[in-house]
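# Residue-level structure breakdown
If you want the building blocks of each chain, they are given just below.
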Amino acid sequence: MVSFDGEAYIATAETPSDWESVVSDMCSRVNGWTDKRAVIYHDGNMLNYASCVVFNRQQYYLFVRYPLSIIVSSVRSMQIYIIVIAAVAIVISFVISYLLAQRISRPIKNMSGTAARMAEGDYSVKFASAEYQEIAQLSDTLNYAKDEMKKSEEFQKELLANVSHDLRTPLTMIKAYASMIEEISGNDPVKRSQHLKVIIDEADRLTGLVNDILNASKVSAGLSELNKKVFNLTEFTYSIMNKFDYLQQTADYKFYVDIDADMYTLADEEKIGQVIYNLISNAVNYTGDDKSVYVSLKYVPEENRIRFAVRDTGKGISEEEKSHIWDRYYRSKDTHNRPVKGTGLGLNIVKIILQAHSFDFGVRSEEGKGSIFYVDFPEVSSRPDEV
Ligand code: ADP
C-alpha cells in the first residue's frame, strides 16, 4: 500500500523499484478520477490496470501491473493449442466422414453395378443387403423387381413358344386337309365337305387363338368397358357349347349337361362368352382319359343367383398351383396334350372379366380326381323386353 496525495492505492504485483514514476505516469494518464473509473494501458512490457472506488466516503485506487510477456506467451500458447485442436478435429472429422461416406456409398455402388448387369439381361444377379435399413429395403425391393422381371421374361418366352406352337398346329392341319382335297377328295362331295369342315374348324380355332391374345392385352390393359345387358344365360351357354361339338364328333369327347331352362342375367354378354368358353376349353384340355366334361347351370334360389360350373376328371390342381393359375401367362409345366389351344392367358382373362363384374368365381379341385371351376351370376327375373 502506497499513499499519495492523501489517498491510498493497492498494488498486487511486485512493487517495482521505480514505483513512484509508475504512479505518477498513471496519475497523468487518469485525468480526473471519478468513482468506478478504470483504465488499462501498457508501458514498455507491463500491462497496467487502474481503477477508482469510493469506500466509507474515502476514495481508493486499485492498481494492477502485469508483465505483458507472460500474457503474450500464454495467448500464443493458447493460439497454438487452438490451432492444433482445430487441425486434429478437422482431420478426425474428415476421416470419420470419409469412412461414413465409404460405408454408405459402397453398397450403393455395388447396387448400381448389379443394376447395370441386370439391365444387360443378367437376371442371375443378386442385390446385396446392407446394414442401413433404407439401403437394405432398397436392395429387397430391387431383388423383388428383378425376380418379377425374370418371371415376366420367362413367361413371355414361354408364351411365344406356346403361341407359335399353337398357331402352327391348326396351320399344319389346314394345309394337310387342303392338300387332301386337292389330291384325293376333290371329286367326292361327301369327303370334300368333311375335309372342308376340318379346315373351317381349324381356321376358327386360329381366329379364336388370335382373338384371345388380342383380348388378353385389351382386357388386361383395361381398355374395354363393360357393356351390360340382360340376356338368356341358358341359351347363351348352349350356343357356346356348340363350339365344342366338333370334339364330340372327331375326338370322342363327352359333354354332360345339367342346365336349367330360361335363366336370365345382367352382364356383358360378349365377355361372359369368353369366360364360359375359356373354362370349358380348360376342362376339355385337362380332363382325364375318359374325355368327360360336365357343364351345369343351376339356379340357387336361396342366394338368388345362377351357378355355372364346369367339371373335369383330370389330375386336378395342387394347392400350390391354385394360387398361380389366375396369373397372366401362367401355364403348368407339364406338356399336356391340349385339344384346344392354350396361351396361359385364359384364366387371367376370366379373372379380369369376372372381377370387373364383381361376380364370385373360383375353383375346387382334388388332386387325381379333377377340378370344378364355377362362376355365380346374378339372376334377373325381368326379360330384356321388360327392362
Ligand atoms: P392354358 O390352359 O392356356 O395353359 P389358362 O390360363 O387357361 O392357360 O390356365 C392356366 C393354368 O391353369 C394351366 O396351364 C393349368 O396348369 C391350370 N388349369 C386350368 N384349368 C385347369 C383344369 N381344368 N384342370 C387342371 N389344371 C387347370
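Cut-offs and rules
Residues numbered from 1 in each chain as written. Predicted model: local features only at pLDDT ≥ 70, side-chain atom pairs only at ≥ 80, totals over all residues. Heavy atoms only, no water. Helix = DSSP H or I, 4+ residues; strand = E, 2+ residues; numbered from the N terminus. Buried < 20%, exposed > 50% of the residue type's maximum accessible area, 1.4 Å probe, protein only. Contact = heavy atoms within 4.5 Å. Areas by Shrake-Rupley, 256 points an atom, 1.4 Å probe, with all protein chains shown as cover. Expected span 1.5 Å × (residues − 1). pLDDT = per-residue confidence, 0-100. Phe/Tyr/Trp six-rings, centres within 6.5 Å; stacked < 30°, edge-to-face > 60°. Salt bridge = Lys/Arg side-chain N within 4 Å of Asp/Glu carboxyl O. Axes fitted to C-alpha atoms, helices over the stretch in contact; angles between N-to-C directions. Parallel < 35°, antiparallel > 145°, perpendicular 65-115°, else oblique. Left-handed = near helix turned anticlockwise from the far one by under 90°. Nonpolar A, V, L, I, M, F, W, Y, C, P; charged D, E, K, R; others polar. Pairing = 2+ DSSP bridges. Core = buried A, V, L, I, M, F, W, Y, C linked by side-chain atoms within 4.5 Å. Arc of directions from axis to C-beta.

### Looking at the overall build of the protein chain
The secondary structure content of the protein chain amounts to nine helices and 12 strands. Taken across its 387 residues, the protein chain has 37% of its residues classed as buried. Taking all contacts inside the protein chain whose residues are at least 6 apart in sequence as the whole, residues at least 24 apart take part in 63%. Looking at the protein chain as shown, the accessible area adds up to about 23,300 Å², and 56% of this sits on carbon and sulfur atoms.

### Some remarks on helix α9 (residues 346–357)
Within an α-helix, residues lying three or four positions from one another point in the same direction, as the helix has 3.6 residues per turn. With 12 residues, α9 should reach 16 Å at 1.5 Å per residue; the first-to-last C-alpha distance of 17 Å fits that figure. Every buried residue of α9 is accounted for by G346, L347, N348, I349, V350, I353, L354 and H357. Just downstream of α9, S358 is the residue with a positive phi angle, here 60 degrees.

### Side note on the confidence of the model for the protein chain
Looking at the protein chain, pLDDT values average 83 and 86% of them are 70 or higher. Note that pLDDT drops below 50 for residues 1–13; the model gives that stretch 29 contacts with residues more than four away or on any other chain.

### Re the packing of aromatic side chains
Counting across every chain of the model gives seven aromatic pairs. On the basis of an interplanar angle of 45 degrees and a centroid distance of 6.0 Å, the ring pair of F244 and F255 is categorised as tilted. In this pair, F244 sits in the loop between α5 (233–242) and α6 (245–251) while F255 sits in strand β7 (residues 254–259), placing the two residues 11 residues apart along the sequence. F255 shares its class with F244; the two are buried. When the ring of Y256 is compared with that of Y294, the centres are 4.8 Å apart and the planes differ by 15 degrees; the resulting orientation is stacked. Remark: Y294 occurs in strand β9 (residues 292–300) and Y256 occurs in strand β7; sequence separation between them is 38 residues. Among the residues examined, Y294 registers a relative accessible area of 27% and is labelled partly exposed.

### As for the pattern of salt bridges
Applying the stated criterion across every chain, the model contains 13 salt bridges. Here R305 makes a salt bridge to D376, at a shortest N to O gap of 2.6 Å. Residue R305 is located in strand β10 (residues 305–312), and its partner D376 is located in strand β12 (residues 370–378); the two are separated by 71 residues in the primary sequence. Here the salt bridges share partners, and the residues they tie into one network are E303, R305, R307, D360 and D376.

### As for the packing of α5 against helix α7 (residues 269–286)
Orientation of α5 relative to α7, taken along the N-to-C sense of each, is 50 degrees, at an axis distance of 10 Å. Considering the angle they form, α5 stands oblique to α7. As α5 packs across α7, the resulting crossing turns out to be right-handed. Each of L233, F236, T237, I240 and M241 in α5 lies in contact with α7, whose residues at this interface are E269, I272, G273, I276, Y277 and I280. Taken together, the residues of the contact of α5 with α7 break down into eight nonpolar, two polar and one charged.

### Details of the environment of I306
Relative to the helices and strands, I306 resides in strand β10. In this structure I306 comes out as buried when scored by relative accessible area, which is 0%. Placed 42 residues apart in sequence, I306 and Y264 show a C-alpha to C-alpha distance of 8.8 Å. Those residues in contact with I306 that sit more than four places away from it in its chain are L233, M263, Y264, T265, L297, K298, Y299, V375, D376, F377, P378 and E379.

### So, the pairing of strand β3 (residues 38–43)
Burial along β3 is one-sided: V39, Y41 and D43 are buried, and none of A38, I40 and H42, which face the opposite way, are. Across six bridges, the pairing between β3 and strand β4 (residues 46–55) is antiparallel. Considered in β4, the bridge of A38 is made with S51. From the end of β3 to the start of β4, which pair antiparallel, there are two residues, and G44 there has a positive phi angle of about 60 degrees.

### So, the nonpolar core
Formed by 44 residues in total, the largest nonpolar core has its most connected members in L233, I272, L279, I280, F308, V310 and F373. If sequence neighbours within four positions are ignored, V310 has contacts with L279, I280, A283, V293, Y294, V295, S371, I372 and F373. Residues V23, V39, Y41 and A50 belong to the second largest nonpolar core, which totals eight residues.

### A short note on helix α1 (residues 19–29)
Within the sequence span of α1, burial applies to W19, V22, V23 and M26. Along the long axis of α1, the arc covered by the buried residues comes to 100 degrees, so they all point the same way. In α1, those exposed residues whose orientation departs by more than 90 degrees from the buried face are E20 and S28.

### Some details on the environment of I135
You can see I135 is positioned in helix α3 (residues 133–183). On the basis of relative accessible area, I135 is assigned to the buried category, the value being 9%. A sequence separation of 24 residues divides I135 from M111, and the C-alpha atoms of the two residues are 9.5 Å apart. Excluding its chain neighbours within four sequence positions, the residues that come into contact with I135 are I104, P107, I108, M111 and A130.

### Considerations on the environment of R106
Looking at the element boundaries, R106 is found in helix α2 (residues 68–119). For the pair R106 and A130, spaced 24 residues apart in sequence, the C-alpha to C-alpha distance is 9.4 Å.

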